[in-house]
Amino acid sequence: MRYIRGMGRVMKYSAFSIFKQGLSGNKGWRPAWREPEPKKHYDVIIVGGGGHGLATAYYLAKNHGITNVAVLEKGYLGSGNVGRNTTIVRANYLLEGNEPFYSHSLKLWEGLEQELNFNAMMSQRGVINLYHSDGQRDAFARRGNAMRLAGEDAELLGREQVRELVPFLDFDNPRFPVHGGLMQRRGGTARHDGVAWGYARGADSRGVDLIQNCEVTGIRREGGRVVGVETSRGFIGCNRLGLAAAGNSGRVAEMAGMRLPVESQVLQAFVSEGIKPFIDQVVTFGAALFYMSQSDKGGLVFGGSLDLYNSYAQRGNLATVESVMEAACAMVPSVSRVKVLRAWGGVMDMSMDGSPIIDRTPVDDLYLNCGWCYGGFKATPASGWCFAHLLATGETHELAKAFRLDRFSRGYQIDETGHGAQANLH
Amino acid sequence: MASLITCPHCGVRPKEEFTIRGDAGPVRPAPEAKFAAWDAYVHLRDNVRGVMKEHWQHSGGCRRWLVVERDTFNHAVHSVVDAAEFAQASAAKPGRKAAPAKPAKAASKGRGKA
Ligand SMILES: Cc1cc2nc3c(=O)[nH]c(=O)nc-3n(C[C@H](O)[C@H](O)[C@H](O)COP(=O)(O)OP(=O)(O)OC[C@H]3O[C@@H](n4cnc5c(N)ncnc54)[C@H](O)[C@@H]3O)c2cc1C
Ligand SMILES: [Zn+2]
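Everything numeric in this text was worked out from a predicted model, so none of it was measured.

Moving on: the sheet that holds strand E6 (residues 77–82) of chain B. Residue and element names in this part refer to chain B. What the four strands build is an open sheet, ordered E3-E4-E5-E6; its pairing is antiparallel. The sheet terminates laterally at strand E3 (19–23) and E6, the two strands that pair on one side only. Ignoring strand direction, the axes of neighbouring strands in this sheet form an average angle of 30°. Relative to strand E4 (residues 51–57), E3 runs antiparallel, the two sharing four bridges. What sits directly across from Ile-20, in E4, is Trp-56. Relative to the sheet, helix H2 (residues 83–92) contacts E4, strand E5 (65–71) and E6, its axis offset from that of E6 by approximately 90°.

Structure below.
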């Protein structure tokens, strides 16, 4: 058996290991992580075993050598949004506070599978945002330029260039003719569960305790400092506490007496029956909130806008289903005959400006990571990277310096869409 | 969510006729109120998990603004009243004006359990 340097007694996955295990009846595989009992006390506790919590734990151990860490997850690892999203990875933001952060994230994505020795099925198939008017083209040209200034790749495609790549779009739709698109070739998709599992395995092998079925129900404070958390498995002490509870951020922050600039709203996603290779990129519609890609199994993966009301239900309403299907047929008329297999919902932490928060809080030793809206999957590596830095050093990471909690009261919102303080419009 | 909503003016109507604006909890502070009160009103939310009061508009009907009491965990709709009546009723309650940034009554009362 081969082990990975720096990762303790963890089995190295490779083509050879699959072959070898196959020959011995696949009886030699071992669990990818332990199931430890919680200790009495940790240096750092992270609430939430989604992508961000797990990545944070991994980088705490790897970048900062802090391994006396627990991730507390109320369900099973990856049961939240990290396992519910539509897996799009991109770095095509306009604003200065955002783009360098997402650019770093994309670079981490590019080396992630080798680093974690885990197949996250990272596929840089390109992301195309369609435009349908002169005004939209100008806005995309500006965004593309901003991306390039931040060192990212961006290409403004004309109508015929898009047609070559995605011939089946409704180019001559009388209301929303396709004029072209903004392409980021390095963007694409990654298998969402694979990312969670890869980080989980990497963190566990470095000594992090991943504790599932452990709901945090209270935050214990003494003299203004956090000393630990009440959980469904008893009290667990810590020096520092990091919250990475995504859609439930408001609920856990409330345990420390905080109200957040966040509303929890439901976002739905859909997958169709498997069809032959059809759509090679991720394509987003510019005339409505809608996007589509194709999974390796052949299913079309697509989604649209929020249901537009507060919800913790992890399921949405039929009116939104209908409008998403309408957008699908408007962008790609031929999909009208494809059958939808499954639909589901996730609870999004919609912030008041559409951008995330990675910061200290007014409570000593309590740190906050939230406000990812519906774009937090692509942020997973950089979010973990920056949140680990904050938890380890107490200082904000350079790349996350705009993601401050007090930016709302100071008037430094990072509002990509320019919608103002209406959480569900971002 | 319930597919039928009882508008106090129009009676039982399909949910799709209504537009949901959001939390009816935050109360607009007086123009000269402290900055912190305005910040809280514009940005901070209770983000209730459980029974919450919301502003809805019957945009496909009488176009009146309504206050709908709805559970954000199981989507059940409990009550619908006209927003003007709701505002009058809440203004009549003592203590309402003094603490504009505080959570609405319904919000703290109905917090979900599960
Ligand atoms: C339908 C849909 C499509 C999306 N598409 C994309 C996309 O294409 N690209 C993209 O970049 N992003 C996308 N997103 C957004 C992205 O999935 C999220 O922003 C991101 O996953 C949030 O971070 P996370 O992985 O840490 O969250 P989660 O996986 O939700 O992790 C939070 C965890 O905290 C746990 N938790 C909560 N409260 C407690 C408690 N009290 N105690 C213990 N544990 C607790 C939860 O159980 C959960 O597992 C999408 C989201 C949805 C729902
Ligand atoms: Zn009416």
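The next point concerns the pattern of salt bridges. Scanning the entire structure with this criterion turns up 30 salt bridges over all chains. Of the charged contacts, one joins Glu-17 of chain B and Arg-13 of chain B as a salt bridge, the two residues approaching to 3.1 Å between their closest N and O atoms. Its relative accessible area of 24% is what places Arg-13 of chain B among the partly exposed residues. Between Arg-70 of chain B and Glu-54 of chain B there is a salt bridge; the shortest N-O distance is 2.7 Å. Residue Arg-70 of chain B is located in strand E5, and its partner Glu-54 of chain B is located in strand E4; the two are separated by 16 residues in the primary sequence. Here Arg-70 of chain B and Glu-54 of chain B have matching classes, each one buried. When salt bridges with common partners are traced through the structure, they connect Glu-110, Glu-152, Asp-153 and Arg-186 of chain A into a single cluster.

Another point: the sheet that holds strand E12 (residues 262–274) of chain A. Residue and element names in this part refer to chain A. Strand order in the open sheet made by the eight strands is E5-E6-E4-E13-E14-E15-E12-E16, with mixed pairing throughout. Looking at strand neighbours, the two that pair on one side only are strand E5 (155–158) and strand E16 (340–351), the edges of this open sheet. Put simply, the sheet's adjacent strands are angled 25° from each other on average, direction ignored. Note: E12 against strand E15 (residues 299–310), six bridges, orientation antiparallel. The partner of Leu-267 across the bridge, within E15, is Leu-306. Along the sheet, helix H4 (residues 134–149) contacts strand E4 (127–131), E5 and strand E6 (180–184); its crossing angle with E4, the most-contacted strand, is approximately 150°.

What counts as what
- Residues numbered from 1 in each chain as written.
- Chains lettered and ligands numbered in written order.
- Predicted model: local features only at pLDDT ≥ 70, side-chain atom pairs only at ≥ 80, totals over all residues.
- Heavy atoms only, no water.
- Pairing = 2+ DSSP bridges.
- Helix = DSSP H or I, 4+ residues; strand = E, 2+ residues; numbered from the N terminus.
- Axes fitted to C-alpha atoms, helices over the stretch in contact; angles between N-to-C directions.
- Contact = heavy atoms within 4.5 Å.
- Salt bridge = Lys/Arg side-chain N within 4 Å of Asp/Glu carboxyl O.
- Buried < 20%, exposed > 50% of the residue type's maximum accessible area, 1.4 Å probe, protein only.

Any functional reading would require information that these geometric values do not contain.
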